[in-house]
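Listed below, chain by chain, are the residues.
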Amino acid sequence: MSSAAPHVAADFLRLAQGYLARHGVATPRLDAEVLLASVLGISRLELYARLDEPLERHEVDAYRDALRRRAAREPVAYIVGYREFYGLRMRVGPGVLIPRPETEYLVELALSSTEEAAPVRVADACTGSGAVAVAIAVRRPQACVVGTDVSEQALAFAAVNGRAHVPGGRVRWIRADGLRALAEASYDLVVSNPPYVPSGEMRALAPEIRHYEPREALDGGEDGLRTARELAREAMKVLRPGGVLIMELGTPAQARRLAAECLRAGGAYREAVAAEDPVSRVPALVARRAGEAPPGIRWPVGGGRTWP
Ligand code: GLN
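From a predicted model like this one, the values you see are computed outputs, not experimental measurements.

### As for the pattern of salt bridges
Applying the stated criterion across every chain, the model contains 24 salt bridges. Across the pair Asp-177 and Arg-180 runs a salt bridge, and its minimum N-O distance is 3.3 Å. Arg-229 is paired through a salt bridge with Asp-223; the nearest N and O atoms lie 2.8 Å apart. Owing to a relative accessible area of 25%, Arg-229 belongs among the partly exposed residues under this scheme. Salt bridges sharing common partners tie together Asp-31, Arg-70, Arg-73 and Glu-208.

### Points about the site of the ligand
Contacts to the ligand come from Arg-100, Glu-102, Asn-193, Pro-194, Pro-195, Tyr-196, Val-197, Ile-209, Ala-217 and Leu-218. Between an oxygen atom of the ligand and a side-chain N or O atom of Arg-100, the distance comes to 2.7 Å. Asn-193 is positioned with one of its side-chain polar atoms (N or O) 2.8 Å from a nitrogen atom of the ligand. Across the complex, the protein chains shield 89% of the 300 Å² of accessible surface that the ligand would expose by itself. When its residues are assigned to classes, the shell around the ligand shows seven nonpolar, one polar and two charged.

### Comments concerning unusual backbone geometry
Of note, the phi angle at Tyr-86 is positive, near 50°, even though the residue is not glycine. Residue Tyr-86 is classed as buried on the basis of its relative accessible area, which comes to 16%. Positive phi outside glycine occurs at Cys-126, with the angle close to 60°. The class for Cys-126 is partly exposed, based on a relative accessible area of 24%.

### Describing the UniProt feature "domain: Methyltransferase small" (unreviewed entry) in the protein
According to UniProt, the feature "domain: Methyltransferase small" (unreviewed entry) maps to residues 115-199 in the numbering used here. From the first C-alpha to the last, residues 115-199 spans 38 Å; its make-up is 27% helix and 26% strand.

### Focus on the sheet that holds strand β9 (residues 283-289)
On the basis of which strands lie adjacent, the open sheet formed by seven strands has the order β5-β4-β3-β6-β7-β9-β8 and mixed pairing. Strand pairing shows two members of the sheet lacking a second neighbour, β5 (171-175) and β8 (269-276), which therefore form its edges. In this sheet, neighbouring strand axes are inclined to one another by 15° on average, regardless of whether the strands run parallel or antiparallel. Pairing between strand β4 (residues 144-149) and β5: five bridges, direction parallel. Among the inter-strand pairings, Gly-147 is bridged to a residue of β5, identified as Trp-173. On the sheet, helix α8 (residues 152-165) packs against β4 and β5 and is oriented at approximately 170° with respect to β5.

### Notes on the packing of aromatic side chains
The tally for this structure, following the rule as stated, stands at one aromatic pair. On the basis of an interplanar angle of 50° and a centroid distance of 6.4 Å, the ring pair of Phe-85 and Tyr-86 is categorised as tilted. By the burial criterion, Phe-85 is buried, and Tyr-86 matches it. Above the face of the Tyr-82 ring, Arg-89 is positioned so that its terminal group lies 3.6 Å from the ring centre. The aromatic ring of Tyr-187 is capped on one face by Arg-121, whose charged end is 4.8 Å from the ring centroid.

### A short note on the packing of helix α6 (residues 104-112) against helix α7 (residues 131-139)
Between α6 and α7, the least distance of the axes is 10 Å, while the angle of their chain directions is 40°. Crossing handedness for the pair α6 and α7: right-handed. Facing Leu-106, Val-107, Ala-110 and Leu-111 of α6, the residues of α7 in contact are Val-132, Ala-135, Ile-136 and Arg-139. Among the residues forming the contact of α6 with α7, the class breakdown is seven nonpolar, no polar and one charged.

### Points about the pairing of β9
With six of seven residues buried, β9 lies mostly within the body of the structure. By the bridge criterion, five bridges tie strand β7 (residues 239-248) to β9 in an arrangement that is antiparallel. Bridge pairing links Val-244 to Arg-288 in β9. Linkage of β8 to β9, two consecutive antiparallel strands, is achieved through a turn of six residues, within which Arg-281 is found at a positive phi near 65°.

Reading the values: rules and limits
Residues numbered from 1 in each chain as written. Predicted model: local features only at pLDDT ≥ 70, side-chain atom pairs only at ≥ 80, totals over all residues. Heavy atoms only, no water. Salt bridge = Lys/Arg side-chain N within 4 Å of Asp/Glu carboxyl O. Buried < 20%, exposed > 50% of the residue type's maximum accessible area, 1.4 Å probe, protein only. Near = heavy atom within 4 Å. Polar contact = N/O pair within 3.5 Å; in protein donor to acceptor, adjacent residues only side chain to side chain. Areas by Shrake-Rupley, 256 points an atom, 1.4 Å probe, with all protein chains shown as cover. Nonpolar A, V, L, I, M, F, W, Y, C, P; charged D, E, K, R; others polar. UniProt positions renumbered as here; feature names shortened; annotations may be inferred. Helix = DSSP H or I, 4+ residues; strand = E, 2+ residues; numbered from the N terminus. Pairing = 2+ DSSP bridges. Axes fitted to C-alpha atoms, helices over the stretch in contact; angles between N-to-C directions. Contact = heavy atoms within 4.5 Å. Phe/Tyr/Trp six-rings, centres within 6.5 Å; stacked < 30°, edge-to-face > 60°. Lys NZ or Arg CZ within 6 Å of the ring centre and 35° of its normal. Left-handed = near helix turned anticlockwise from the far one by under 90°.

Below, the structure is given as structure tokens:
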């Protein structure tokens with residue numbers, strides 16, 4: 001720290017970095033920059049061009065507030081009010097799970113299962129901020145997408161994100177538990193990023209997650225599969241024959257176990273595999289309801305193992 005009082009942006013950044021580091025923040029410099037850029041209403045890139053400019057009094061106050069929140073380990077996304085997902089800016093805040101970069105794999109699998117121009121019907125269970133539903137709707141301009149969530153707060157963010165990115169009411173939101181509110185045999189594709197953290201592992205999550213993000217979006221019960229299992233059961237009904245179910249999970253073992261359970265479910269699922277993103281290594285369950293695939297729908301994974 002220089003002996004002179006902080007004056008220009010660079011001085012404040014230096015102080016902020018040290019302050020955040022002392023509070024155990026993993027990326028103190030990055031967060032200090034992102035928060036200052038947000039306070040100034042400019043991009044991080046623009047901030048670099050202003051490092052030797054002084055801050056206004058009200059900017060210093062707002063920056064101090066943001067830094068205090070971050071030092072208490074509140075996620076950056078809640079403080080700035082958004083997170084990028086699949087190249088789209090998603091509004092988030094307290095009460096909704098922040099979209100994770102690894103969940104882009106769920107979108108990739110969804111896109112691999114649907115032809116671009118197909119007028120498919122897609123359901124996203126436990127949609128949270130709506131990030132997955134919105135990203136699919138943006139990339140599949142003929143698709144009709146419905147997102148469900150039990151949380152009113154989450155759906156408020158989802159509605160904002162839908163309006164921002166998807167014109168024309170092609171994405172709708174329903175307050176409901178899982179897939180229960182949806183009509184039978186009427187969806188070509190069901191996707192979900194359900195809560196899948198085993199209850200016993202909740203305490204090991206980073207403070208940013210544990211203290212700030214909604215527990216009901218994370219805690220998947222004893223083996224982490226409570227919600228996922230229910231969704232797999234409900235999806236048998238709401239999927240059209242040949243329709244595809246894709247779910248993000250936490251571990252390959254979870255994905256394999258659920259795939260095995262799907263295949264044992266009285267022939268309702270013709271195929272079920274544990275897939276894994278080659279880059280992020282995030283596992284997913286991919287299953288297909290028995291019957292001939294609806295037009296525009298295809299099996300998204302090659303060379304997957306079927307279980308058992
Ligand atoms: N991957 C998330 C995390 O570790 C968990 C998200 C979920 O349960 N769906 O924070």
